[in-house]
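Chain and residue survey
Residue-level listing of the chains:
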Amino acid sequence: MKLFFRADANKVIGAGHVMRCAAISEEAMARGIETELVGSIFEIDWLAKKVSNGLFTRWTDPEMASNELGDLLIIDSYHVDCDEEFIQRSHWAKSICLVDRETPEYSADLYIGFLENVDWPFSKKILESKIITGVKYNPVRQIHGKSPIANECVLGSLKIMVVGGGTNYLRLTDRIVKILVKTDLP
């Protein structure tokens, strides 16, 4: 079995799509499953370096990807064209789409949303049969070394990790930690 992921990253769209896929890839590789990221990474050097150094078994540019039938495709994107040949369901035994409110209605066998009680913009057919939702489905990487988008604070016996999506260019995690430290928690 081999898992293929379709996600891109750059300073505009951030790194979150690739990082969510990396969490799944990390677990799959730990179980001996080969993984391949099909995606473009521009202007985020730390992410390109991590991807090149083994977040996935292989990394391929979308223009170089083959269209052979694969086992499983996981797509995580707002920007991949719904008509892109590589993501068409006919090429895959199964396909999964990681979604939030901004995700186009890609054709997939299963949609996984990370938030519950959201007004999902998908067709009634998908909402009734193909979507599972909840924070328990949000993939989180095992952190090896310091993450450039994670911070943690300790409040008494409580330890909180704050993780920001994308490239964190606004230093969101730093700002949230400062607010938490000032908060009077029980």
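Everything here concerns the structure above.
Below: a short report on this structure.

The rules we used
- Residues numbered from 1 in each chain as written.
- Predicted model: local features only at pLDDT ≥ 70, side-chain atom pairs only at ≥ 80, totals over all residues.
- Heavy atoms only, no water.
- Helix = DSSP H or I, 4+ residues; strand = E, 2+ residues; numbered from the N terminus.
- Buried < 20%, exposed > 50% of the residue type's maximum accessible area, 1.4 Å probe, protein only.
- Contact = heavy atoms within 4.5 Å.
- Areas by Shrake-Rupley, 256 points an atom, 1.4 Å probe, with all protein chains shown as cover.
- Disulfide = S-S within 2.5 Å.
- Pairing = 2+ DSSP bridges.
- Axes fitted to C-alpha atoms, helices over the stretch in contact; angles between N-to-C directions.
- Core = buried A, V, L, I, M, F, W, Y, C linked by side-chain atoms within 4.5 Å.

Moving on, we come to the overall build of the protein. What the protein contains, in helices and strands, is four helices and nine strands. For the protein, the N- to C-terminal ordering of α and β elements is β-α-β-α-β-β-β-β-α-β-β-β-α. Burial analysis of the protein (186 residues in total) assigns 45% to the buried set. Summarising the internal contacts of the protein: among those between residues at least 6 apart in sequence, 46% fall at separations of at least 24. Only carbon and sulfur atoms are counted for the fraction: they give 52% of the accessible area of the protein, which is about 11000 Å².

A full pass over the atoms with the stated rule returns zero disulfides. With no disulfide of its own, Cys82 lies closest to Cys97 among cysteine sulfurs, the gap being 8.6 Å.

Quick look at the environment of Thr60 now. Tracing the chain through its elements places Thr60 in strand β3 (residues 58–60). Under the relative-accessibility criterion, Thr60 is labelled buried at 7%. Distance from Thr60 to Glu36, taken between C-alpha atoms, is 7.3 Å for residues 24 residues apart in sequence. With near-sequence residues (within four places) excluded, Thr60 lies in contact with Glu36, Leu37, Val38, Gly39 and Ala65.

A few words on unusual backbone geometry. A positive phi angle, close to 65 degrees, is found at Glu43, a residue other than glycine. Structurally, the position occupied by Glu43 is in the loop between β2 (34–38) and α2 (45–55). Overall, the relative accessible area of 55% leaves Glu43 in the exposed class.

Here we come to the sheet that holds strand β7 (residues 131–133). Reading across from one edge, β3-β2-β1-β4-β5-β6-β7 is the order of the seven strands in this open sheet, with parallel pairing throughout. A strand with exactly one partner marks an edge of an open sheet, and here the two such strands are β3 and β7. Going across the sheet, the axis of each strand differs from the next one's by a mean of 20 degrees, ignoring polarity. Here strand β4 (residues 70–75) runs beside strand β5 (residues 92–99); their pairing, made up of five bridges, is parallel. Bridge assignment links Ile75 to a residue of β5, and that residue is Cys97. Contacts between helix α1 (residues 16–30) and the sheet are confined to β1 (2–6), β2, β4 and β5, with β1 contributing the most and set at about 175 degrees to the helix.

Formed by 24 residues in total, the largest nonpolar core has its most connected members in Phe5, Val18, Leu37, Ile41, Leu47, Val51 and Phe56. When residues of this core are traced back to their parent elements, those giving at least two are β1, α1, α2, β4 and β5. Top element by residues in this core is α1. It accounts for five residues. Among all residues touching Leu47, those that are not within four sequence positions of it are Ala9, Ala15, Val18, Met19 and Ile41. Of all hydrophobic cores here, the second largest spans 18 residues; its members include Leu73, Val99, Tyr106 and Phe122.

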